[in-house]
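# Structural description and commentary
Listed here are the chains, written in short residue letters.
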Amino acid sequence: MFVKEKNNTDSSNTIRIPAFVDMHVHLREPGQTHKETVFSGSRAAKAGGFSHILCMPNTSPVIDTPELVSYIRSREAAVSVLPAAAVTKGQQGKELTDFYALKKAGALAFSDDGSPVEDKNIMREAMYRAVENEVLIISHCEDKSLISSRLQSPPEAEYSAVLRDCELAENTGARLHIAHISTKESVDIIRNAKKKGAKITCETCPHYFSLTRDDFFRVGTNAMMNPPLRKEEDVVAIKEGLRDGTIDVISTDHAPHSVYEKNQAPEFAPFGIIGLETSFCVSYTFLVKSGIITFERLISLMSEKPKEILGIKSSSYVVVDINTEFIYDVSCSYSLSRNSPFDKQRFYGKILKTVLED
Ligand SMILES: [Zn+2]
């Protein structure tokens, strides 16, 4: 998977830590298996040090029936693949799915990720139903009415939706997890909501603390995702949120797209990047190696906290080398896609082995 830069065989370089849990991946099955499958995505996950991944339901068709939840669970996989089911039928934002039946079939969370639940009343209703069924809602926060063009999604399109859903969670008592936050205002809103006692957790992704929107000029369409890369001041605030505990989880939002699609002009190229095999090394390099957070805190963000939120008990572990610099080579990825902004970059934190146990 990786091209090793220096050959350092000193065993003191290798350490054993709990395996990671990714709360946000897109496996593209069913419907777009040229981009990824449960099998290929789960192999990328294992190579990246993950024992469990939560896959989002915005496939084709959308995972909104017990049969489709069972289908995902039945696919051959290299790690535990846990399906999230849709909040609304077909992710159309109109009619709620059958939370009870979907939970019974093995859905571990509910999300319309890929798009927001735009109607506030539907989202409130979903939260009441989540309370009744004791399930977690994961919200993709995006107010589309504030977006004028596809390539310009302003910070307020994210944080106004974060504010709405935090208030709904406070009022309904629902357990809410906010996906992929990227703006400084989102960090502040969630920090305040947590102080008021709302049952809110949130995640950010490695690209939101390692890249800014200026990286588009260097990287091109592999620096385009939704939400988009932000300014330096947002990166600083995201790091502070990771440090002070406002941000609970680092997820990848692993979103495979084919080379052909990503080679289109920015106006047409799809949003998203792969991230399962770079999550640890980017996080270790940008957060721990640079002194922003402790190694213990990183293990909480990538392993302990997502396990706690999803109710996972696992003694799986990863063996990592944190002292040898290496160059990431996306052409060796287990993913079927190659859309990484981190190709050929130097990192610390190489995954040597993922050992799956009960
Ligand atoms: Zn999303």
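The following refers to the structure shown. Remember, it's a predicted structure, so these values are computed and weren't measured experimentally. Here, residues in each chain are numbered from 1, in the same order as that chain's written sequence. Reporting of local features is limited, given that this is a predicted model, to residues whose pLDDT is at least 70; pairs of side-chain atoms are given and counted only at 80 or more, and all residues count toward the totals for whole chains, interfaces and linings. Remark: hydrogens and water are excluded; side-chain values derive from all non-hydrogen atoms of the structure.

### What to know about helix α9 (residues 232–244)
The helix and strand labels rest on DSSP assignments: H or I over at least four residues marks a helix, E over at least two residues marks a strand, and numbering proceeds from the N terminus. Between the first and last residue of a helix there are one fewer steps than residues, each counted as 1.5 Å, and that sum is the expected span. End to end, α9 covers 19 Å across 13 residues, agreeing with the expected 18 Å (1.5 Å per residue, within 8%). Only protein chains enter the area calculation, which uses a 1.4 Å probe; residues under 20% of their type maximum are buried, those over 50% are exposed, and those in between are partly exposed. For α9, every residue scored as buried is listed here: Asp234, Val235, Ala237, Ile238, Lys239, Gly241 and Leu242. Any two residues whose heavy atoms approach within 4.5 Å at even a single point are treated as in contact. Looking at the buried side of α9, the elements it contacts are α6 (184–195), β9 (200–204), α7 (207–210), β10 (249–250), α11 (279–288) and α12 (295–310).

### A few points about the pairing of β9
Of all 5 residues in β9, 5 are buried, a share of seventy percent or more. In β9, alternate side chains face the same way, and those of Ile200, Cys202 and Thr204 on one face and Thr201 and Glu203 on the other are all buried. Here a strand pair is declared whenever DSSP counts at least two bridges between the two strands. Where strand β8 (residues 176–178) and β9 come together, 3 bridges link them in parallel fashion. Along β9, the bridge assignment pairs His177 with Thr201. Whether a crossover is right-handed comes down to one check: with the strands pointing away from the viewer, does the path from the first strand over the helix to the second run clockwise; if it does, it is right-handed. With α6 bridging β8 and its parallel neighbour β9, the resulting β-α-β unit is right-handed.

### Some remarks on the sheet that holds strand β2 (residues 14–18)
Taken together, 3 strands build an open sheet; the order of strands is β2-β11-β14 and the sheet is antiparallel. Bordering the open sheet on either side are β2 and β14 (350–355), each of which pairs with just one other strand. For this sheet, the mean inter-axis angle between neighbouring strands, taken without regard to orientation, is 25°. With 5 bridges connecting them, β2 and strand β11 (residues 317–321) associate as antiparallel partners. Residue pairing across strands places Ile17 opposite Val318, the latter belonging to β11. Lines fitted to C-alpha atoms define the axes, with helix axes restricted to the stretch in contact, and inter-axis angles between N-to-C directions lie between 0 and 180 degrees.

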